[in-house]
Amino acid sequence: MKKSSFVALVMGTVSGVLFALGMCMALLPEWNAFTQGVIFGGIGIVLGVVTALIWCKMENKQLPKMSAKNVFRTVYAVAAALVLGVGMCLCLVWEQIVWGTLVGLLGIVMLIALIPMVKGIR
């Protein structure tokens, strides 16, 4: 494993955990930690951006260009993740197992469709 990949792996994991913990802290009223959760989530987002910048610098690559295609891919990825999350909520929170499973599977299919959207089909 290259040094840049290892650094990106560690920093990406830490930023993801901080963001997830922050969202749990902010969104679970039982924890009474909304402000602290927003701070943790913000630190996770900033660390994720820093991770991308450091990885690009270590690999001597440029950041992806801001184009309509990349913006569409990003919006699509966020929508697919939200569909998967809604499916999980339907199953776990509202106990709608059948609908939650169907919506969750739709979200998974949407996320899998990102692969040919980004890499292309050869």
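Keep in mind the model is a prediction, meaning the values are calculated, not measured. (Residues numbered from 1 in each chain as written. Predicted model: local features only at pLDDT ≥ 70, side-chain atom pairs only at ≥ 80, totals over all residues. Heavy atoms only, no water.)

**Considerations on the overall build of the chain**
Then step 1. Within the chain one finds five helices and zero strands.
Then step 2. Along the chain, from the amino end to the carboxyl end, the secondary structure elements read α-α-α-α-α.
Then step 3. With 122 residues in all, the chain has 20% of them scored as buried.
Then step 4. Relative to all contacts within the chain whose residues are 6 or more apart in sequence, the contacts with residues 24 or more apart total 49%.
Then step 5. Approximately 9100 Å² of the chain is accessible, and the part contributed by carbon and sulfur atoms is 76%. (Helix = DSSP H or I, 4+ residues; strand = E, 2+ residues; numbered from the N terminus. Buried < 20%, exposed > 50% of the residue type's maximum accessible area, 1.4 Å probe, protein only. Contact = heavy atoms within 4.5 Å. Areas by Shrake-Rupley, 256 points an atom, 1.4 Å probe, with all protein chains shown as cover.)

**Topic: the confidence of the model for the chain**
Then step 1. Chain-level pLDDT for the chain is 93 on average; 100% of the residues reach the 70-or-more range.
Then step 2. Here helix α5 (residues 114-119) stands out as the element of the chain with the lowest mean pLDDT, 92, in contrast to helix α4 (residues 97-112), whose mean of 96 is the highest. (pLDDT = per-residue confidence, 0-100.)

**Some thoughts on the pattern of salt bridges**
Then step 1. Tallied over the entire structure, the rule returns one salt bridge.
Then step 2. Taking the shortest distance from any N to any O, the salt bridge between Glu-59 and Lys-2 comes out at 3.0 Å. A residue pair is termed long-range when its members are at least 10 positions apart, and Glu-59 in the loop between α2 (34-58) and α3 (68-92) and Lys-2 in the segment before α1 (3-27) qualify at 57 residues. (Salt bridge = Lys/Arg side-chain N within 4 Å of Asp/Glu carboxyl O.)

**Here we look at the packing of α3 against α4**
Then step 1. The contact between α3 and α4 brings their axes to 7 Å, and the two run at 160°. Put simply, α3 runs roughly antiparallel to α4. For the crossing formed where α3 meets α4, the hand is left-handed. On α4, the residues touching Tyr-76, Ala-77, Ala-79, Ala-80, Ala-81, Val-83, Leu-84, Val-86, Gly-87, Leu-90 and Cys-91 of α3 are Ile-97, Trp-99, Gly-100, Thr-101, Val-103, Gly-104, Leu-106, Gly-107, Ile-108, Met-110 and Leu-111.
Then step 2. Grouping the constituent residues of the contact of α3 with α4 by class yields 17 nonpolar, five polar and no charged. (Axes fitted to C-alpha atoms, helices over the stretch in contact; angles between N-to-C directions. Parallel < 35°, antiparallel > 145°, perpendicular 65-115°, else oblique. Left-handed = near helix turned anticlockwise from the far one by under 90°. Nonpolar A, V, L, I, M, F, W, Y, C, P; charged D, E, K, R; others polar.)

**Let's talk about unusual backbone geometry**
Then step 1. Positive phi values are uncommon outside glycine, yet Asn-32 reaches one of about 50°.
Then step 2. Examined against the element boundaries, Asn-32 turns out to sit in the loop between α1 and α2.
Then step 3. Since its relative accessible area comes to 69%, Asn-32 is described here as exposed.
Then step 4. Backbone geometry at Asn-60 places phi at a positive 55°, although glycine is not the residue there.
Then step 5. You can see Asn-60 is positioned in the loop between α2 and α3.

**Regarding the packing of α1 against α2**
Then step 1. Where α1 meets α2, the axes come as close as 7 Å, and the angle between the chain directions of the two elements is 165°. One way to sum up the angle between α1 and α2 is to call them roughly antiparallel. As α1 packs across α2, the resulting crossing turns out to be left-handed.
Then step 2. Each residue belonging to the contact of α1 with α2 can be placed in one class, and the counts come to 20 nonpolar, ten polar and one charged.

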